[in-house]
Amino acid sequence: MTYVDGFITPVPNEKKHEYVEYSTTMGKIFKSHGALSWVQCWADEVPDPGNTSFIKAVKCEPNESVCFAWITWPSKEARNRAMAAFREEMQERETPQLFDQSRMIVGGFETVVSL
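This part takes up the overall build of the protein. Of regular secondary structure, the protein possesses three helices and four strands. In sequence order, the protein lays out its α and β elements as β-α-β-α-β-α-β. Here the protein has a C-alpha radius of gyration of 15 Å; the compact-globule value for 115 residues is 13 Å, and the two agree. In terms of overall dimensions, the protein has a C-alpha envelope of 40 × 35 × 20 Å along the principal axes. In the protein, which comprises 115 residues, the proportion classed as buried is 34%. Looking at the protein alone, contacts between residues at least 24 apart form 84% of all its contacts between residues at least 6 apart. With the model as given, the accessible surface of the protein reaches about 7500 Å², and the carbon-plus-sulfur share is 54%. Across the protein, the mean location of the 12 positive side-chain charges is 4 Å away from that of the 16 negative side-chain charges.

Structure follows, in structure tokens:
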């Protein structure tokens, strides 16, 4: 079964264009290291009801939007190899500060159902 890395982060609205451009570059790098897919989504309809929401989870400010993203891998082992190579490659790159990384939610997930 595939393995998925998921991300939720708040991004300042005025940095959307930069975020999309940088994300495109990052996606190409991940794909070159074996990712099956790289998906970045900008919030369009994100309700803020009750006690939980994407907005509350990342402490989204009024001038920010929630970005929901994931990378699909052939396996956890392939992901681990790719992440090691990615980290090494990124040491040589300048990384722009497009959002507050301390509010980013990240997780790795084993696929249990895929239809």
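Text resumes after the structure shown.
The subject of this paragraph is a nonpolar patch on the surface. Together, Val-112, Val-113 and Leu-115 give the surface a local cluster of nonpolar side chains, amounting to about 420 Å² of exposed area. Judged by its relative accessible area of 67%, Val-112 is exposed.

A separate point is the packing of aromatic side chains. Under the defined criterion, the tally for this structure stands at seven aromatic pairs. Ring geometry for Phe-30 versus Trp-38: centroids 5.0 Å apart, planes at 20°, classification stacked. Residue class for Phe-30 comes out buried when judged on its relative accessible area of 6%. Considering the side-chain rings of Phe-54 and Phe-68, the 5.7 Å spacing of their centres and the 50° angle between planes classify their relative orientation as tilted. Linking Phe-54 in helix α2 (residues 54–57) with Phe-68 in strand β3 (residues 64–73), this pair joins segments that are 14 residues apart in sequence.

Strand order in this open sheet of four strands is β2-β3-β1-β4, and the pairing throughout is antiparallel. Two strands close off the open sheet at either side, each with one partner strand: β2 (37–42) and β4 (105–110). If you compare each strand with its neighbour and ignore which way they point, the axes differ by 15° on average. Helix-sheet contacts for helix α1 (residues 16–32) involve β1 (3–12), β2 and β3, and the interaxial angle to β2 is about 165°.

Quick look at the nonpolar core now. Ranked by internal contacts, the top residues of the largest apolar core, which has 13 residues, are Phe-30, Ile-71, Trp-73 and Phe-86. With four residues, the top contributor of residues to this core is helix α3 (residues 76–90). Contact partners of Ile-71, with chain neighbours within four places excluded, come to Tyr-3, Val-4, Asp-5, Phe-7, Phe-30, Ala-35, Ser-37 and Trp-38. Listed in part, the five residues of the second largest apolar core include Val-11, Cys-67, Leu-98 and Phe-99.

Among the structural elements, Arg-79 can be located in helix α3. Apart from residues lying up to four places away in sequence, Arg-79 is in contact with Tyr-3, Asp-5, Trp-73 and Gly-108.

Moving on: the pattern of salt bridges. Counted by the stated rule, this structure contains three salt bridges. Across the salt bridge formed by Arg-103 and Asp-100, the nearest N and O atoms sit 3.1 Å from each other. On the basis of relative accessibility, which here comes to 15%, the residue Arg-103 falls in the buried class. Salt bridges sharing common partners tie together Glu-64, Asp-100 and Arg-103.

Rules and cut-offs
- Residues numbered from 1 in each chain as written.
- Predicted model: local features only at pLDDT ≥ 70, side-chain atom pairs only at ≥ 80, totals over all residues.
- Heavy atoms only, no water.
- Helix = DSSP H or I, 4+ residues; strand = E, 2+ residues; numbered from the N terminus.
- Rg over C-alpha atoms; globule rule 2.2 N^0.38 Å.
- Buried < 20%, exposed > 50% of the residue type's maximum accessible area, 1.4 Å probe, protein only.
- Contact = heavy atoms within 4.5 Å.
- Areas by Shrake-Rupley, 256 points an atom, 1.4 Å probe, with all protein chains shown as cover.
- Lys, Arg positive; Asp, Glu negative; His and termini not counted.
- Charge placed at Lys NZ, Arg CZ, Asp CG, Glu CD.
- Patch = residues over 30% accessible without salt bridge, like charges linked within 9 Å, V, L, I, M, F, W, Y side chains within 5 Å.
- Salt bridge = Lys/Arg side-chain N within 4 Å of Asp/Glu carboxyl O.
- Phe/Tyr/Trp six-rings, centres within 6.5 Å; stacked < 30°, edge-to-face > 60°.
- Pairing = 2+ DSSP bridges.
- Axes fitted to C-alpha atoms, helices over the stretch in contact; angles between N-to-C directions.
- Core = buried A, V, L, I, M, F, W, Y, C linked by side-chain atoms within 4.5 Å.

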